[in-house]
Structure formats: structure tokens, C-alpha cells
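# Structural features, examined
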Amino acid sequence: MGKGGEQGGDSGEPAAQIRFYTWEEIQKHNLRTDQWLVIERKVYNVTKWAKRHPGGHRVISHCAGEDATDAFQAFHINPTLVQKFLKPLLIGELAPGEPSQDRDKNSQLVEDFRTLRKTAEDMNLFRASPLFFSLYLGHIIAMEVLALLMLFYFGTGWITTLILACILTTSQAQAGWLQHDFGHLSVFKKSSWNHIVHKFVIGHLKGASANWWNHRHFQHHAKPNIFQKDPDVNMLHIFVLGDTQPVEYGKKKLKYLPYNHQHEYFFLSEILLPFLIIPYSHTLLTPLWSWLDPPRVPHPTIFPADCGSNSVHAPRLKSSWKSYHKQPIIPKIFDETQNARKKKKAKLQNWIICSCRKQPGTRMIPGNSLFLESHWFVWVTQMNHIPMEIDSEKHRDWLSSQIAATCNIEQSFFNDWFTGHLNFQIEHHLFPTMPRHNFWKVKPLVKSLCAKYGVQYEEKPLGKAFVDIVG
């Protein structure tokens, strides 16, 4: 433990004692019941506060005992404001003789990356374009409205059903990319507005929980492709990933499935998983019904990649769904008397049931759409990560750890739209709160920094990226 000292102020009174700590001491506090963080050389004890962290307690525990400066800057759009909440948690500073980075990280690389971030801020690359996101949301809503109009005017014939499935697949996939933007606080300057719209898009256009998404996705960004920390690589024995996990399973003689054929049954899982998920979860119908009768709506999810994850449990999802509905986004609409609400609920439910009975084909449209969207979502999200390094924690600096786990896809108008700009996965992971329409602007700066320090910056065509998933 470090040394203490007292400094006199202008008033002549002694200042509060400052305690100094070494990295050896700090690294011992990396347990669930004992968590310290270092941010800009200041040491914070976040053990008791971690459970109240808006981004979830696990993302903090993953950084415990480390320098979390870059992660802190990456996830907060107003770090100065957030630091006010950290003041009561401050317990000291790094000792003067201690380096700013832990575990022999390249201090010059870290400083150059922070300089790059400051350059991006000076270029206003963290400022969103209202026009871009307005048009993006507009084209999603337009597809949803078009689908409803086609259903109303043309019924549910086979041709209409197939066309509707394609339209809804596209709108839902694009809504998935849009909720991702709001979830990362990359649209509005205020976090509260991002959270409100995120809940609307993911809840009412997608039928999932914003809290559940935040809890899982921020872990993925903090420690991508790290076993025990990134929930996206926890496959619950269905797949073995990376170079070390297959060896570990071989030594322990663990064989829950024929892993030598996992590249083949990967396609089978793509076919089966959508049918194991609630088929109506992604339509506007689910949240509308849930406003009227929340207890009857189970928590849905449309993400097949998460069906095999150990972190998704029904009780937690159910509680998240209930907590979501306790905070209505548009409460004035439902400011009615109890009798009026009951009549409206009964009328709407009767209309839904009668419509489905008269037009059985309507039941196929969400299922077909979900089946197609599942493929779209899984292939796009996995092509940037699965072929990359997947291993245990190596305590790298922010730049090196993010680039080791991600790769880019070549830029084109189609690739940008099809992937929701996740073809710029490297830039997105380095700067999660940056609006996606600015990724191409910061890309040359990132490539230049990687070239300077010999960090591999990988970029590939879309087709090759798909092949590499199972290759």
C-alpha cells in the first residue's frame, strides 16, 4: 500500500490525505466482492456501486484491477459528468513511480491512441447527423407500413406472403442496426434521449429488452472474444471456438457434440433456432398487445446467436421485460379510465384473433421473416469476430485487444447498408459512441496508427468474410 501525504491549501489548512497505491496492490482487487478501477491514474473502489452501474455490474468487474481509462472514455459520451459520480468512490492515486499502464503495456501506443481519439473529437466525428438517422428510421417505418398495406389490400396469398416476408425481414434487420446505434448512445448528445429511443426501437420494433441488450453487449465491447468475459463466445458446449478451447476440450475428453462437424451443423442450427423462438416477437403486434395485457406477453428475443449462450435465462429476461413495461415511454396515450381501457383491450384482442382465424396465412409471415432475419443477423455479426482470435484474457491495451478480436469488411454502399456499417467493426469497437456514418472518416487515422506499431489491421471482401466463419 502506498504512502500518504498532506498538502497545505491557500487557507493554510491541511488538505485531505492522498493515498498512493502500486499496481501490485491494485491487481489484487479484481474479485466480484472486491473491485478497484484505475481511471487517469486515480484509484476507485467500485465494489458496492457496481450493482448500480447503468451498463451492468459485469462490465465493471471485467475491468477490475486494471487501467480502465480507455474503456471509460469509450463508453461514456460525457465523461466529465460521469466523473462527478466517481468522486465519492475515490480512494487514492497511483504512486508517483508507477507507470500509467499496467502489465507492461506499450505506454507510447496508448498515448498515441488517446491522441487519435482527441483528434477525432476535434474533427467532430462524435457528432451525429440528424438527417441520416431520421431518414434511416423513416425507411424502416415505411417498410413496416408498406407490409401492413399489402396485407390489407392483397390478403395472404403465397406470392404476397413471400413478398411480405422479404419486406419485414429487411425492415427488422435494419431496425436491429438502428437500435444498436441508440444503445451505444451515438445519436443524441444526451444519454437519456438515446435510452428512451433505444427502448422504443428495440422494444416496439424488435420485441426485445433494452436492459438485457445493454447488459450483454457492453460486456462484449469491453472484452471482445475473451472467454468467461464476452457472452457472445460462450456457446454452452454447442461449438468450440478459437485455438485453445478445442485443445482444452480434447485434454478433458469433453465431447457433448461431434465438434469435428461443427462447421456443418452450424447451418442446421441456423435452420432450427428461429423456430425455437417466439415467432411473433418482432412485430408491432407484440408490444401493442403487451401495453394492454403485459402478463400475457413472455419475453421474446430474435437473436439466435444468444440461444446457445449461458447468460440468457428465462427468469432474468422475464423480469427485464416486466421492468421495461413499468416505465412506459408514452404514458399519456393510456391515460384513460379503467373501464375504457378494458373495452379497448377486449376489442383489439378480438380483432387480432378474428383476423388470424380468417387469414391463416398471417401466421406464416412473422415466422418466415424471423427465419430469414436470423440468417441475416448471425452471418453479419459473426463474420467480424468468429474468424478472429478467441482466447482467455491477455490484458492487452485497448487498441490491441479490440483489433485482435475484430476485422473489417470492404466498404461499398451495399455493404454499409446491409451490415448497418458494422463492416467498420474495428472503428466501431475502438469508438463505440461514434455515429456510424463517420467511421470511414476515422478509418485512415486508425490504419496509420496500426501500421506505426505493427498491429495487424485486417479487411476482407464480404463473401470471404462469410466463408471464413465456417472455413
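The structure we're discussing is the one just above.
Owing to the predicted nature of the structure, the values given are computational and were not obtained by experimental measurement.

The rules behind the values
Residues numbered from 1 in each chain as written. Predicted model: local features only at pLDDT ≥ 70, side-chain atom pairs only at ≥ 80, totals over all residues. Heavy atoms only, no water. Buried < 20%, exposed > 50% of the residue type's maximum accessible area, 1.4 Å probe, protein only. Helix = DSSP H or I, 4+ residues; strand = E, 2+ residues; numbered from the N terminus. Pairing = 2+ DSSP bridges. Phe/Tyr/Trp six-rings, centres within 6.5 Å; stacked < 30°, edge-to-face > 60°. Patch = residues over 30% accessible without salt bridge, like charges linked within 9 Å, V, L, I, M, F, W, Y side chains within 5 Å. Areas by Shrake-Rupley, 256 points an atom, 1.4 Å probe, with all protein chains shown as cover. Salt bridge = Lys/Arg side-chain N within 4 Å of Asp/Glu carboxyl O. Expected span 1.5 Å × (residues − 1). Arc of directions from axis to C-beta. Contact = heavy atoms within 4.5 Å. Axes fitted to C-alpha atoms, helices over the stretch in contact; angles between N-to-C directions. Parallel < 35°, antiparallel > 145°, perpendicular 65-115°, else oblique. Nonpolar A, V, L, I, M, F, W, Y, C, P; charged D, E, K, R; others polar.

### Some words on the pairing of strand E4 (residues 34-39)
Counting buried positions along E4 gives five out of six residues, so the element sits mostly inside the fold. Sheet analysis places strand E3 (residues 30-31) next to E4, joined by two bridges and oriented antiparallel. Within E4, the position partnered with asparagine 30 by the bridge is glutamine 35. Joining the antiparallel neighbours E3 and E4 is a turn of two residues. Of the strand pairs in this sheet, E4 and strand E5 (residues 42-45) are connected by four bridges, and their pairing is antiparallel.

### Some thoughts on the packing of aromatic side chains
What describes a pair of aromatic rings is the distance from one ring centre to the other and the angle between the planes of the rings. A complete count under the given rule lists 19 aromatic pairs for this structure. Geometrically, the ring pair formed by tyrosine 249 and tyrosine 259 is edge-to-face, given 5.7 Å between the ring centres and 80 degrees between the ring planes. With a gap of 10 residues between them, tyrosine 249 in helix H10 (residues 244-251) and tyrosine 259 in the loop between H10 and helix H11 (262-272) connect regions that are remote in the sequence. Ring geometry for tryptophan 379 and phenylalanine 466: centres 5.7 Å apart, planes at 75 degrees, overall edge-to-face.

### Details of a nonpolar patch on the surface
Taken together, the side chains of Ile141, Val145, Leu149, Phe152, Tyr153 and Phe154 make up a nonpolar region of the molecular surface, amounting to roughly 690 Å² of accessible area. Within the secondary structure, isoleucine 141 is located in helix H6 (residues 130-154).

### With respect to helix H5 (residues 107-122)
Taking 1.5 Å of rise per residue, 16 residues should cover 22 Å, and H5 covers 23 Å from first to last C-alpha, within 8% of that figure. Buried residues of H5: Leu109, Val110, Asp112, Phe113, Leu116, Arg117 and Ala120, and no others. Along the long axis of H5, the arc covered by the buried residues comes to 165 degrees, so they all point the same way. Buried residues in H5 make contact with helix H3 (69-75), helix H16 (398-404), helix H18 (425-430) and helix H19 (439-453).

### Let's talk about the packing of helix H7 (residues 158-183) against helix H9 (residues 210-222)
Running from amino to carboxyl end, H7 crosses H9 at an angle of 80 degrees, the nearest separation of the two axes being 12 Å. Here H7 lies roughly perpendicular to H9, going by the angle between them. On H9, the residues that touch Gln179, His180 and Gly183 of H7 are Trp213, Asn214, His217, Phe218 and His221. Here the residues of the contact of H7 with H9 are counted per class, giving two nonpolar, six polar and no charged.

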